[in-house]
Amino acid sequence: MRIRVITPAARGSRSGNRATAERWARFLRAGGHEVAVATDYTGEPADALIALHAWRSAGGVARFREHHPHRPLVVALTGTDLYRFQHTDPETTHRTMAAADRLVGIHEAVADDVPTAYRDKLTVIIQSAEPPRDPRRPVKSEFRALVIGHLRDVKDPFRAARAARLLPTDSRLMVHHLGLAPDADWAAAAHAEMAASPRYRWHGELPHWRVRRALSRAHLLIHPSLMEGGANAVGEAVTARVPVLASAIPGNTGLLGRDYPAIFPTEDTEALAELMQRAETDTGFYDRLAEHCRQRAPLFAPEREAADWRALVAGLRG
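Keep in mind that what you see is a predicted model, and the values were worked out from it rather than measured.

A. View of the environment of Arg29. By secondary structure assignment, the location of Arg29 is in helix α1 (residues 16-30). Sequence-distant contacts of Arg29, defined by excluding residues within four places in its chain, comprise Val35, Ala36 and Val37.

Below, the structure written as structure tokens:
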């Protein structure tokens, strides 16, 4: 089958959307399909279309449906689709959902935010994370917490730094932030945060292999996002058996499980600080988080994600 995958992220982009689209393409090529990844659909030959992002790919979806009213169309829903655009521009977002034969969500709680009229189209395929190459050897010089994510408002990037200021003076916890500053103002804000908090270090954007190595040396991942469709960093932490402290948003609980014991309210600095201190000082609590990650890890196996995508496409053909 000739499959066109469209994503708003251009070739060469380091965005999660581009990496996701390219990974899906690899899975489908390995299943015998001919797959091309592009930023739009403008009438190219295709037996099926997979569109990443209902709102941003709305034009390409509409053109494909106009050219091929009966060919398979899959729309993968992002966090901004579910938690922003279906509220700010419901007409466009829901029109794309209506046009799709199948909708794909990437965390277990996604059905809660898909309109009832479209839930029978929904398939959940959790984004996989490669098992760590390096053995897990947390540093001994400090209790190391990572924040992995670009500096954007929606990521609440300095919440961990501000929570770390509330820790007792004898705490050994240090926050290391790995992520791009999109402009000079964000870089200045990160430097100001470092000046205000001796427990915070911003390292800028690093290659993925260095991020994974840093994860193998960490004790915690802190993921304080305000809105998220399902962050790959969370999956990578789980597969590395690194406990996660995460904000109470569907994109986090849908990956970690609704019963995960280290969820804090969004923007709640004090609650995060309490979890940070507990993870550092309460061995039983820390071990419970690690065991929870061990039990969730199979959900993020690449073989599982690949099989789910192939099964979805095979079902469309049948």
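What follows picks up the thread again.
B. Geometry of the layout of surface pockets. Quantified by volume, the second largest pocket comes out at close to 200 Å³. Taken together, Arg144, Leu146, His176, Leu178, His203, Leu206, Trp209, Arg210, Arg213, Ala214 and Arg217 form the lining of the second largest pocket. Elements with a contribution of two residues or more to the lining of the second largest pocket: β7 (143-148), β8 (173-178) and α7 (208-216). It is α7 that provides the largest number of residues to the lining of the second largest pocket, a total of 4 residues. Taken together, the residues that form the lining of the second largest pocket break down as 5 nonpolar, 2 polar and 4 charged.

C. Representation of the pattern of salt bridges. A complete count under the given rule lists 16 salt bridges for this structure. For Glu305, the salt bridge identified is with Arg23, shortest N-O distance 2.9 Å. In this pair, Glu305 is assigned in helix α12 (residues 302-317) and Arg23 in helix α1, connecting sequence segments 282 residues apart. For Arg23, a relative accessible area of 11% translates into the label buried. The residue Asp282 makes a salt bridge to Arg278 at a minimum N-O spacing of 3.6 Å. Each of the salt bridges in this network shares a partner with another, and the network as a whole consists of Arg162, Arg165 and Glu193.

The rules behind each value
Going along each chain's sequence as written, the residues are numbered from 1 onward. The model is predicted, so local features are restricted to residues of pLDDT at least 70 and side-chain atom pairs to those at 80 or more, both for listing and for counting; the totals for chains, interfaces and linings are taken over all residues. To obtain the side-chain values, all non-hydrogen atoms of the structure were used and water was disregarded. In DSSP terms, a helix is any run of H or I states spanning at least four residues, a strand is any run of E spanning at least two, and both are numbered starting from the N terminus. When checking whether two residues touch, look at their non-hydrogen atoms; a contact exists if any pair is within 4.5 Å. Two kinds of site are reported from a 1 Å grid over the protein atoms alone, namely cavities, where a 1.4 Å probe fits but cannot get out, and pockets, open sets with protein on both sides within 12 Å along at least five of seven lines, and residues are called lining when an atom falls within 4 Å of a point. Grid points are joined across faces, edges and corners, and a volume is the space filled by probe spheres set on the points. Ten residues, namely Ala, Val, Leu, Ile, Met, Phe, Trp, Tyr, Cys and Pro, are considered nonpolar, four, namely Asp, Glu, Lys and Arg, are considered charged, and the remaining ones, Gly among them, are considered polar. When a carboxyl oxygen of Asp or Glu lies within 4 Å of a side-chain nitrogen of Lys or Arg, that pair is called a salt bridge. Each residue is assigned to one of three classes by its accessible area relative to the maximum for its type, calculated with a 1.4 Å probe on protein chains only: buried under 20%, partly exposed between the two thresholds, exposed over 50%.

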